[in-house]
Amino acid sequence: MSSPLLNGLAAPLLEPDHDDPPLLPLRLRRSASNTTSQVAIVGSNICPIESLDYEIIENDFVRPDWRSRELVEICQYTLIKWILCLLIGQIVGLLGFFINLAVENVAGQKFVVTSNMMLARRFMAAFLVFSSSNLGLTLFASLITAFVAPEAAGSGIPEVKAYLNGVDAPAIFSLRTLIVKIVGSICAVSSSLNVGKAGPMVHCGACIAALLGQGGSKKFRLTWKWLRFFKNDRDRRDLVTCGSAAGIAAAFRAPVGGVLFALEEMASWWRSALLWRTFFTTAVVAIVLRALIDLCLSGQCGLFGKGGLIMYDVTSVDISYHLWDVPAVLLLAFGGGILGSIYNSLLNNVLKIYNVINKKGVALRILLACSLSIFTSCLLFGLPWLASCRSCPSDPSEPCPTIGRSGNYKKFQCPPGYYNDLASLFFNTNDDAIKNLFSKGTDSEFQRSSMLIFFAACFFLSIFSYGIVAPAGLFVPVIVTGAAYGRFAGMLLLRSKSNLNHGLFAVLGSASLLGGSMRTTVSLCVIILELTNNLLLLPLIMIVLLISKTVADVFNENVYDLIMTLKGLPYLEDYAEPYMRQLAVGDVVTGPLQIFRGFEKVANVVHVLRTTRHNGFPVIDEPPFSESPVLYGLILRAHLLTLLRSKAFSRTPSPVSQDAIALFSVDDFSKKGLGHDDRIEDLAFSNEEMEMYIDLHPFTNTSPYAVVETMSLAKALMLFRQVGLRHLLVIPKFSGRRPVVGILTRHDFRPEHVLNLHPLLANSRWKKLRLRFPQLRKLV
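Starting from 1, residues in each chain are numbered consecutively following that chain's sequence as written. Reporting of local features is limited, given that this is a predicted model, to residues whose pLDDT is at least 70; pairs of side-chain atoms are given and counted only at 80 or more, and all residues count toward the totals for whole chains, interfaces and linings. Hydrogens and waters are ignored; side-chain quantities use all the structure's heavy atoms.

A few points about the sheet that holds strand 13 (residues 728-731)
Heads up, the condition is: A strand pair is defined by DSSP finding two or more bridges across the two strands. The helix and strand labels rest on DSSP assignments: H or I over at least four residues marks a helix, E over at least two residues marks a strand, and numbering proceeds from the N terminus. Axis lines are fitted to C-alpha atoms, over the contacting stretch for helices. Their N-to-C directions set the angle, which ranges from 0 to 180 degrees.
Strand order in the open sheet formed by 3 strands is 12-13-14, with mixed pairing between adjacent strands. Strands with a single pairing partner mark the edges of an open sheet, and in this sheet they are strand 12 (706-708) and strand 14 (742-744). Neighbour to neighbour, the strand axes of the sheet diverge by 35° on average, direction disregarded. Summarising the sheet, strand 13 and strand 14 pair through 3 bridges and their orientation is antiparallel. The residue of strand 14 that forms the bridge with L728 is L744.

Quick look at the structure:
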């Protein structure tokens, strides 16, 4: 079956008048086609994937438009780009505030009703209300995700990361996906599932940026002339990068952390101009959130209106630590790396099982989500009964027990004057639970057994909750799980003489588990510092992140890379496997390749477009139009469809007239809006038109990137990724052959394709140092 990114070599449809030069065989055997998968799981939906066109097209038609661009138009382009960044920051900031506010109030009202029933000793009724409300919220989130926008399932970070690497998939940034992501995230987080809203916020920010940057909409009559400048993948890529950074900034109120997260984890291409715009976007987010926080502090946001928008108060500003405190921190970091790698391994296996279940149909997807909701409700309501009641402290920082609001002292089933420390963590949103764990002066509030139970429950619930058919993030669940781990470790490791407290160890525990799972360092360090607002933690957090990441890297990859691999997203890493240096690009070129002549019959073009899904075609000039066969350039499928739709044909193979070229505008060849690509099936031609000719020369990219067939595959991969190519032409080293050997796309650089062609290289494949424990692998 043909595929959108296959390439290779085949005879042209029209035989030339002369004898074609003989094709010399390559050194290694070549397969008939690229057998790598051309589909991936986007959200919870299996769909075909494409690559993005980041290359600048240069041809006889586009160059005059560039030369006619005046200084005013250049200033307009630059100004609009900054205006779009401003709009992205404002909208994402407002959206982040709205999601936080909605989650805090929806979940808060649920906890208030349940707590009131507990006060009245109506325990069974309280459980029924608690579990049924959770089930209803989960059911609604899964229904709208499964039937309206399956692409909205999951966190969205793997899909956005793959997009910024050059992988495109249908509807990942559509308006429908954005709405479902917002509503579904609010419902899923409010349903007490152990999922977060940071990942969905990144996806929402990217959706907003992509929608703003698609260059207007004819449907809604937004066709302002200036917006046409953004109808290309390069500008959309920059805006999506700004949107993803704004999402992190809105989720954690961490503008600098958002910029660094986009740089370190998300973007595959970066430059100083993009850094400025990303920083400006996140600064706008921070200003918007600051203004809205002041509104909430005045009491106008409801009973539960603060949530994650208020910085976590960790500890006092005059914290100090000594040399004897370092071993405990090092041990905490080492344990966090081990736990992070186990977390990733378990999550990877659970997602494999979920993928099998999801293939069975929508009904099983929704049943899985509802079953998990019921199980979670039973655990959250049942586990606090295992904890003993503790008497309220003599001088609490807030009312004890806490009734009808978030706080550290939940009464649950305890008598007056007592509180249940485990219920104080379970019967709160994740944001409030994190604040409780990070709080200073709370070393005696939690029991060891309660902290161990909470850690184990969060650890496994976050693994099983991710992957259901609903928007679900991993960031906040890992933070709260790490905080429980750090506080429990502090109870065991801290000595009475230490100046470190359990709240500080909770922060370091979150950093260690984040480093062990997500494997980023600089961005996580800044995000945690911005969350806690305490620069004195910087040395300890740096040490913890470095050690936990190093330890976890011994066992497996970071969680987002594992998820991208499971989804089948063809992400290109920034390094080449050493065995790629043993191969030349000519060793991995596959077939069949479809070639067009400069003057091609309409019937041939239509036939090729209908029978293949290739997106790039070499254009060759042959005698009598040239002295010998010569590669003229590369033409895209989308541009061919534009030419066919306009029916700029001629009865003889002759150059197109200037009057015919004047009928086109550069906007006709610009990238279409999301989901509005032309299709060959929508075009109809008469028999007379099929016998006509079309001149491809003015619309062919005359300067495509090309490499000689003897270049090493590793070197070609670095060129392909760093420039952001979709097609890389391979030309012969010696004359006497066709001027093009084949085309390389990102699928030709995938290890599975290369090793399928050359299986003997599998034994020499480079793998990072990975310790193997067979008994442990059986358990996980």
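Here's the deal with empty space enclosed by the protein
Convention followed: The method works on a 1 Å grid over the protein atoms by themselves. A cavity is a set of points holding a 1.4 Å probe that cannot get out, a pocket is an open set with protein on both sides within 12 Å along at least five of seven lines, and residues with an atom within 4 Å of a point line them. Grid points are joined across faces, edges and corners, and a volume is the space filled by probe spheres set on the points.
Under the definition given, this model contains 10 cavities of 30 Å³ or more. Quantified by volume, the largest cavity comes out at close to 260 Å³. Together, 26 residues line the largest cavity, and S192, L193, N428, T429 and N430 are the ones closest to its centre. Looking at the lining of the largest cavity, the elements that each hand over two or more residues are helix 2 (71-119), helix 5 (175-190), helix 11 (362-382), helix 12 (421-426), helix 13 (430-438) and helix 14 (448-465).

A look at the sheet that holds strand 9 (residues 616-621)
The strands making up a sheet associate through backbone hydrogen bonding, with each pair oriented either parallel or antiparallel. Convention followed: Note on contacts: a residue pair qualifies if any of its non-hydrogen atoms lie within 4.5 Å across the two residues.
Here 3 strands make up an open sheet; going across it, the order is 7-9-10 and the pairing mixed. Only two strands of the sheet have a single neighbouring strand rather than two, namely strand 7 (596-597) and strand 10 (630-636). Of the strand pairs in this sheet, strand 9 and strand 10 are connected by 6 bridges, and their pairing is antiparallel. Note on strand 10: the bridge partner recorded for F617 is I635. Across the face of the sheet, helix 21 (residues 637-646) comes into contact with strand 7, strand 9 and strand 10 while running at roughly 80° to strand 10.

Concerning the pattern of salt bridges
In a structure, side chains of opposite charge can pair up when their charged atoms sit close to one another. Selection criterion: Any carboxyl oxygen of Asp or Glu within 4 Å of a side-chain nitrogen of Lys or Arg constitutes a salt bridge here. Residue burial is assigned from relative accessible area. The probe radius is 1.4 Å, only protein chains are included, and a residue is buried under 20% of its type maximum, exposed over 50%, and partly exposed in between.
Under the definition given, this model contains 21 salt bridges. Where D238 meets K81, a salt bridge forms, and the shortest distance between an N and an O atom there is 3.5 Å. Highlighted residues: D238 in helix 7 (residues 233-252) and K81 in helix 2, separated in sequence by 157 residues. No difference in accessibility class separates D238 from K81, as the two residues are buried. A salt bridge links R237 to D238, with the nearest nitrogen and oxygen atoms 3.8 Å apart. Among the residues examined, R237 registers a relative accessible area of 11% and is labelled buried. A cluster of three or more residues bridged by salt bridges with shared partners is formed by K81, D235, R237, D238 and R271.

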